[in-house]
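Next come the chains, spelled out residue by residue.
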Amino acid sequence: MESFGRIVETLHPAYFDVVMATGVIALAAQLEQIRPLSLAFTYLNIALCIALLALNAIRLIWRQKSFTKDLADFERGPGYFTIVAGLAIVGSQMRGILKYPGIAFALWVASLALWVCFNYAIFIEATINEQKPRFEDGINGGWLVSVVAMQSVATLAAELYGEHIVPVAVLFLALILWLAGGMLYIWLIALIFYRFTFFRFKPQDFLPPFWINMGAMAISALAGATLATNAQRDTFLGNLLPFIEGLTLLFWATASWWIPMLAILACWQHLIKRFNRPYSPLYWSAVFPLGMYAVAAYELSKTMNLPFLMWIPRLFVYLALAAWAGTLASMLHSIWTGSALERDLAGWRWK
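Residues numbered from 1 in each chain as written. Predicted model: local features only at pLDDT ≥ 70, side-chain atom pairs only at ≥ 80, totals over all residues. Heavy atoms only, no water.

(A) How the structure looks around the pattern of salt bridges. Within this structure, the stated rule accounts for 10 salt bridges. For D137, the salt bridge is made with R134, and the minimal N-O distance between the two is 3.0 Å. The exposure class of D137 is partly exposed, given its relative accessible area of 26%. Here R134 falls in the exposed class, since its relative accessible area comes to 53%. Each of the salt bridges in this network shares a partner with another, and the network as a whole consists of R59, D70 and R76. (Salt bridge = Lys/Arg side-chain N within 4 Å of Asp/Glu carboxyl O. Buried < 20%, exposed > 50% of the residue type's maximum accessible area, 1.4 Å probe, protein only.)

As structure tokens, this is what we get:
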């Protein structure tokens, strides 16, 4: 019981990366018509989501000081955005795979409310905090989960409008969130790229969350493709269709640009510098971008009538599945060989 209490107290809010990664593989498998895999990952993700929600609720009630302290932490604070994204992705599973639009709507409302709370709490606290880390220590790809959260809420809202569940005002909100999320990415990626190129970059500095550099653009492309689908109907988005398609293609091209860059850095880290990081939940943040890139490429190909791109989702769904299985195996091996479960669940940071 004492060990459980410590796990709850130190639980990292970014552990919802597991829900994000599992959910996006289910969505990718559904698009590729691998129905048994899609259903298996969906039911597993529902269980993971409920368990992590329960742990966070217990933490908020019993360890409120630790919960709120993390909001002011430059390393742990951005992790709360994974809760927003995780709930929205589960909502997309409920709508697209299990066909429960009512539950999907409830999850969208919850994710939107949490996004409002976390977005302004985290960014305002980061602004007024008098104890700030050095720039090279404080900025990393984990901050881009804030963009992923906005785009996941926008995507689910556009999907629900397509099901005739929400009014056109919600579709307008999806458009606003999509555009604001794209602007937020520009602000943050400028800082991250500056960190990459003008500060010393050691092998241990290349963290799995840097893959969110790509994942944030992939989900932005998915949100744009979903909006473009609605624009092709009789909506106010009709006049904006060329703009939406152009910006969507820009987001997808940016995501594509990041993939070789990140892959080469990973090879440099492991093969040239021989730096092998032991298992930590950080690795789950590298799984989600691979799966999201598959989903985004599929929707982009369908929406813009680009069938020659369909090989991309067929490849990346299996890359994401392999990354998910490898991360799970690494986690189980870490537990089996005696690494503290408490550390695996809670004792890690973005850096």
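(B) Representation of the packing of aromatic side chains within the structure. Evaluation of the coordinates by the stated rule reveals 26 aromatic pairs. The interplanar angle of 55° and the centroid separation of 6.3 Å between the aromatic rings of F193 and W257 together place this pair among those described as tilted. Highlighted residues: F193 in helix α9 (residues 168–198) and W257 in helix α11 (residues 241–272), separated in sequence by 64 residues. Take W257: its relative accessible area is 45%, and that puts it in the partly exposed class. Relative to F198, the ring of Y194 has its centre 5.7 Å away and its plane inclined at 40°; by these criteria the two rings are tilted. Pair noted here: Y194 and F198 are both in helix α9, with a separation of four residues, about one helical turn. (Phe/Tyr/Trp six-rings, centres within 6.5 Å; stacked < 30°, edge-to-face > 60°. Helix = DSSP H or I, 4+ residues; strand = E, 2+ residues; numbered from the N terminus.)

(C) Up close: the environment of N119. With respect to the helices and strands, N119 occurs in helix α6 (residues 101–128). In the structure, N119 is positioned 38 residues away from F81 in sequence and 7.8 Å away in space, judged by C-alpha atoms.

(D) Spotlight on the side chain of D70. Along the chain, D70 falls in helix α4 (residues 64–71). Among all residues touching D70, those that are not within four sequence positions of it are L11, P13, R59, R76, G77 and Y80. (Contact = heavy atoms within 4.5 Å.)

(E) Highlighting the environment of L52. Inspection of the secondary structure puts L52 in helix α3 (residues 35–62). When the C-alpha positions of L52 and F16 are compared, they lie 7.1 Å apart, and in sequence the two are 36 residues distant. Beyond its immediate chain neighbours, meaning those up to four positions away, L52 contacts Y15, F16 and V19.

(F) Here's a closer look at helix α2 (residues 17–31). Over its 15 residues, α2 runs 21 Å from end to end, which matches the ideal 21 Å to within 8%, given 1.5 Å per residue. Burial analysis of α2 places 13 of its 15 residues in the buried class, the great majority of the element. Phi turns positive, to about 60°, at Q33, one or two residues after α2. (Expected span 1.5 Å × (residues − 1).)

(G) Representation of α3. When the terminal C-alpha atoms of α3 are compared, their 40 Å separation across 28 residues agrees well with the 40 Å that a helix rising 1.5 Å per residue should span. Here α3 has its buried residues at S38, F41, T42, N45, C49, L52, L55, N56 and R59.

(H) The arrangement of the packing of helix α10 (residues 212–231) against helix α12 (residues 284–303) in detail. As a packed pair, α10 and α12 sit with axes 8 Å apart at the nearest point and diverge in direction by 30°. It follows from the interaxial angle that α10 and α12 lie roughly parallel. In this structure, α10 meets α12 at a crossing whose hand is left-handed. Facing α10, whose interface residues are I212, M214, G215, A218, I219, A221, L222, A225, A228 and T229, α12 presents S285, F288, P289, L290, M292, Y293, V295, A296, E299, L300 and T303. (Axes fitted to C-alpha atoms, helices over the stretch in contact; angles between N-to-C directions. Parallel < 35°, antiparallel > 145°, perpendicular 65-115°, else oblique. Left-handed = near helix turned anticlockwise from the far one by under 90°.)

(I) Molecular detail of unusual backbone geometry. For H164, which is not a glycine, the phi torsion comes out positive at approximately 60°. Within the secondary structure, H164 is located in the loop between α8 (145–162) and α9. Using a relative accessible area of 70% as the deciding quantity, one classes H164 as exposed. Residue N305 is not a glycine yet carries a positive backbone phi of 55°. Counting through the fold element by element, N305 comes out in the loop between α12 and α13 (311–336).

No statement about biological role is implied by the geometric values presented.
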